[in-house]
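The residues making up each chain are set out below.
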Amino acid sequence: MKKRILVLALFISASLPICAQVDLGKGFLKDKKSVETFTLAEYFFDNKSYLQALPFYSSLDALYGTNTYLLYKEGICQLYKSDEFDKALEHLLVVKSKNSKAANINLFLAHAYHLNERYDEAMTTLDLYDLGRGNTPENTVESARLRQNCIHAKEITAAPVDATISNLGAPINTGSSEYVPIVSADDSLMIFTYKGDRSIGGLQTEPFVSDSLGEYFEDVFFASRYGGSWKNPEPMDSTINGFSNDACITISNDGQTLLIFKDEAGAGDIYSSKLVSDVYSEPIPLSGEVNSMAWEGSACFSPDMQSLYFASERDGGYGGRDIWVATKNADNYWGNVKNLGPNVNTLYNEDSPYLHANGVTMFFSSEGHNSMGGYDVFRTKLTPIDSTFSSFSAAINLGYPINSPGDEKYFILATDGKHGYYSSGKKGGMGQQDIYNIASNFDVDNVNVMLLSGLVTMDGKKVYSTINIKDDEGKLRNLNISSKSSTGKYSTTLALGHKYSVSFAIAGSDPQIRFIDAAPAEQMVMNTINISFYSKAYLDSLRADSIARNVVVAVDKKPD
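Residues numbered from 1 in each chain as written. Predicted model: local features only at pLDDT ≥ 70, side-chain atom pairs only at ≥ 80, totals over all residues. Heavy atoms only, no water.

1. Regarding the overall build of the chain
No. 1: Across its full length, the chain holds 10 helices and 35 strands.
No. 2: Based on the C-alpha atoms only, the size of the chain along its principal axes is roughly 105 × 55 × 50 Å.
No. 3: Considering only residue pairs separated by 6 or more positions, the chain has 53% of its internal contacts joining residues 24 or more positions apart.
No. 4: A total of about 26400 Å² of accessible surface is found on the chain, and carbon and sulfur atoms cover 54% of it.
No. 5: Side-chain charges in the chain split into 49 positive and 67 negative, and the spacing between the mean points of these groups amounts to 3 Å. (Helix = DSSP H or I, 4+ residues; strand = E, 2+ residues; numbered from the N terminus. Contact = heavy atoms within 4.5 Å. Areas by Shrake-Rupley, 256 points an atom, 1.4 Å probe, with all protein chains shown as cover. Lys, Arg positive; Asp, Glu negative; His and termini not counted. Charge placed at Lys NZ, Arg CZ, Asp CG, Glu CD.)

2. Some thoughts on the pairing of strand 3 (residues 189-195)
Moving residue by residue along a regular strand, the side chains alternate between the two faces of the sheet.
No. 1: Counting buried positions along strand 3 gives six out of seven residues, so the element sits mostly inside the fold.
No. 2: Note that strand 2 (residues 177-183) and strand 3 share five bridges and pair antiparallel. Among the inter-strand pairings, I182 is bridged to a residue of strand 3, identified as I191.
No. 3: Hairpin remark: strand 2 followed by strand 3, antiparallel, with five residues in the connecting loop; positive phi at D187, about 65°. (Buried < 20%, exposed > 50% of the residue type's maximum accessible area, 1.4 Å probe, protein only. Pairing = 2+ DSSP bridges.)

3. Some details on the nonpolar core
No. 1: Residues L24 and Y57 are the most contacted members of the largest nonpolar core, which totals 43 residues.
No. 2: Breaking this core down by element, the ones donating at least two residues are helix 2 (32-46), helix 3 (50-58), helix 5 (68-78), helix 6 (85-98), helix 7 (105-115), helix 8 (119-131) and helix 9 (137-157).
No. 3: Of all the elements, helix 2 adds the most residues to this core, at seven residues.
No. 4: Every residue in contact with L24, bar those within four places of it in the chain, is listed here: F38, L60, Y64, N67 and L70.
No. 5: In terms of nonpolar packing, the next biggest core, distinct from the first, is built from 28 residues, A223, W230, A357 and V444 among them. (Core = buried A, V, L, I, M, F, W, Y, C linked by side-chain atoms within 4.5 Å.)

4. What to know about helix 5
One turn of the α-helix equals 3.6 residues, which is why residues spaced by three or four share an orientation.
No. 1: Burial runs high along helix 5: nine of the 11 residues are buried.
No. 2: The elements touched by buried residues of helix 5 are helix 2, helix 3, helix 4 (61-64), helix 6 and helix 7.
No. 3: At the N-terminal boundary of helix 5, the capping side chain belongs to N67, with an oxygen 2.9 Å from the backbone nitrogen of Y69. (Polar contact = N/O pair within 3.5 Å; in protein donor to acceptor, adjacent residues only side chain to side chain.)

5. Brief notes about the pattern of salt bridges
No. 1: According to the stated counting rule, one finds 20 salt bridges in the structure shown.
No. 2: A salt bridge links E121 to R118; its shortest N-O distance comes to 2.8 Å.
No. 3: Notably, a salt bridge pairs R321 with E313, separated by 2.6 Å at the nearest N-O pair. (Salt bridge = Lys/Arg side-chain N within 4 Å of Asp/Glu carboxyl O.)

6. Regarding the sheet that holds strand 4 (residues 203-206)
No. 1: Within the open sheet, the three strands sit side by side as 5-4-6. Their pairing is antiparallel. The strands lining the two open edges of the sheet, one partner per strand, are strand 5 (209-210) and strand 6 (215-216).
No. 2: When strand 4 meets strand 5, the two strands line up antiparallel, connected through two bridges. Pairing of Q204 across the sheet is with S210, part of strand 5.

7. Let's talk about the packing of aromatic side chains
No. 1: Inspection of the entire model under this criterion finds 24 aromatic pairs.
No. 2: Seen in terms of ring centroids, F44 and F56 are 5.8 Å apart; in terms of plane orientation they differ by 15°. Their pairing is stacked. Taken together, the residues F44 in helix 2 and F56 in helix 3 connect sequence positions 12 residues apart.
No. 3: Residue F44 is classed as buried on the basis of its relative accessible area of 2%. (Phe/Tyr/Trp six-rings, centres within 6.5 Å; stacked < 30°, edge-to-face > 60°.)

8. Details of the packing of helix 3 against helix 5
No. 1: Look at helix 3 against helix 5: their axes get within 9 Å of each other, and the N-to-C directions meet at 145°. The hand of the helix 3/helix 5 crossing is left-handed. Across the interface between the two elements, Y50, A53, L54, Y57 and S58 from helix 3 touch L70, K73, E74, C77 and Q78 from helix 5.
No. 2: Taken together, the residues that form the contact of helix 3 with helix 5 break down as six nonpolar, two polar and two charged. (Axes fitted to C-alpha atoms, helices over the stretch in contact; angles between N-to-C directions. Left-handed = near helix turned anticlockwise from the far one by under 90°. Nonpolar A, V, L, I, M, F, W, Y, C, P; charged D, E, K, R; others polar.)

9. So, the environment of D304
No. 1: Tracing the backbone shows D304 in the loop between strand 15 (296-301) and strand 16 (307-312).
No. 2: Looking at D304, the relative accessible area reads 39%, which means it is partly exposed.
No. 3: Linking D304 and G497, residues 193 residues apart in sequence, is a C-alpha distance of 15 Å.
No. 4: Looking at D304, its side chain comes within polar contact range of the side chain of S302, at 2.6 Å.
No. 5: Engagement of the side chain of D304 in a polar contact is seen with the backbone nitrogen of Q306, the distance being 3.0 Å.

10. Let's talk about the sheet that holds strand 15
No. 1: If you trace the four strands from one edge of the open sheet to the other, you get 15-16-17-18, paired in antiparallel fashion. If you trace the sheet from one side to the other, it starts and ends with strand 15 and strand 18 (334-339), each paired once. Across the sheet, the mean angle separating the axes of adjacent strands is 30° when strand polarity is ignored.
No. 2: Direction of pairing for strand 17 (residues 322-328) relative to strand 18: antiparallel, over a ladder of four bridges. Bridging across to strand 18, K328 finds its partner in W334.

11. What about helix 6?
No. 1: The terminal C-alpha atoms of helix 6, which comprises 14 residues, lie 20 Å apart, in line with the 20 Å expected from a rise of 1.5 Å per residue.
No. 2: Among the residues of helix 6, F85, A88, L89, H91, L92 and V95 are the ones counted as buried.
No. 3: Among the structural elements, helix 5 and helix 7 are those in contact with the buried residues of helix 6. (Expected span 1.5 Å × (residues − 1).)

12. Concerning the pairing of strand 27 (residues 449-458)
No. 1: Counting buried residues in strand 27 gives nine out of 10 residues, a clear majority hidden from the surface.
No. 2: Across four bridges, strand 27 lies against strand 34 (residues 525-528) in parallel orientation. Residue L452 lies in a different strand from strand 34, and its bridge partner there is N527.
No. 3: Bridge count between strand 27 and strand 35 (residues 531-533): three bridges; the pairing is parallel. Within strand 35, the position partnered with M458 by the bridge is F533.
No. 4: In this sheet, strand 28 (residues 461-462) lies alongside strand 27 in antiparallel orientation, the contact comprising two bridges. From the neighbouring strand, T457 faces strand 28, where its bridge partner is K462.
No. 5: Two successive antiparallel strands, strand 27 and strand 28, enclose a turn made up of two residues, where D459 displays a positive phi of approximately 55°.

13. Considering the packing of helix 8 against helix 9
No. 1: Look at helix 8 against helix 9: their axes get within 10 Å of each other, and the N-to-C directions meet at 160°. The orientation of helix 8 relative to helix 9 falls into the category roughly antiparallel. Crossing of helix 8 over helix 9 shows left-handed handedness. Residues Y119, D120, A122, M123, L126, D127, Y129 and D130 of helix 8 touch helix 9, and the partners they reach there are N139, S143, L146, R147, C150, I151, A153, K154 and T157.
No. 2: A breakdown of the residues in the contact of helix 8 with helix 9 according to their chemical character gives nine nonpolar, three polar and five charged. (Parallel < 35°, antiparallel > 145°, perpendicular 65-115°, else oblique.)

14. Section: the confidence of the model for the chain
No. 1: Summary statistics for the chain give a mean pLDDT of 89 and a share of 92% for residues scoring 70 or more.
No. 2: Counted against residues more than four places away or in other chains, residues 15-20, with its pLDDT under 50, gives nine contacts. (pLDDT = per-residue confidence, 0-100.)

Here's what the structure looks like:
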């Protein structure tokens, strides 16, 4: 913290002569506090920390809000804040009207038009930019890409899909950022990433270093649903959340394995945590070849838990961030890493893969393909080629209004295939990123899934139970799950078209076995199996009570 303050103090001192060249008017140069605020804004802006720079610029509006330079910098920062895209356009239009030669003003203005879904005006403004002089090669590429995004956006919005998109609202969403929703197979538990004033450590510049000029780090939160309503989210305990960035990634269909992202070595890796009774264990780095010296930060399991699809910035891909797959061997080592190929990956970034419980339909986000801008959600389907290799079909954009010119990421589809969740910074939200529910036709041809769930009790009380599931072909490799000790509940998904034996066991009692004949079906099948264990003492007490009641009844019925 002392080092950060010293750096900023030196920067402010060194920058004062430079600030003297920028006069915001109304006695600005004699207003020491405003000069220091402006200098901090310039510091964050120059470091491309636009969201940190914005509140410093905005705090000067009351005194200097008509200054062209201030509006210019503020407008650029607002291009990165999804709930202020309209303000970005407003400010940049004022700047252009006062100074049409402001650096790259037409490029920034085109971005603002695009983010506000005014695509024709964005392309007209790009025409003006491209005709200008002194454009850098980098900005020329950016202009061409933005133009292509506008073309895609016009085509996609001209044929909107039938979708109902609902902000989850309070208590899930707040004025802070909520994203990466992951939901249990029975849709009763949501785990998500939160970044705001409830984050452990508060504002920090690095783990354990508090600083009012810092930022909030990511934490993992969870919320349960009762009676159709999500209850107040709570942070996961210190086993999962620390003072660095801790973000959720995915949960297995049986709820037993939670993957989280931890940024402890600088690049960011995937960690695994196991459910033990009601508590997830201390996360450990995923064993094998998934984590590398590069960034890895989103992933999903295949339904049989034998494959892991993940996003990575490692070398050897098609672009900066690609989606890869690894397979698990007998000792839980993830290896045989392969790139998913050009039907999924592009020259741009791909992220947040999610494979539905049917094992066929995958969703992911991409800045490439025919994206409307930023990340869009796409769908692809897995087709087995032989026993060792599968290919993915060409990616299809989920369309408008599911996608927008901003970022839509972390889409997951509920087990029933009828609704999903994702995070988006679209207009009308409660904060920078919000979590949304989407009801639409997601083109899942055959859900082919059974949702197996139920309650396990001992002497009428909820209990922890180990549950072993085998299928008739042995493909599940002995799926082991458990019920939670606090609720007695369990849930998992099983592929249809098989017969299963399900063994329930608790300490001190003989196992109970149930058999399932899961016939094929196009829709999700729900199967509820409740298991009741009884101790000898409990049964003896029931018998004693029953005998006593019968005696009382007999006495009552005795004739006079």
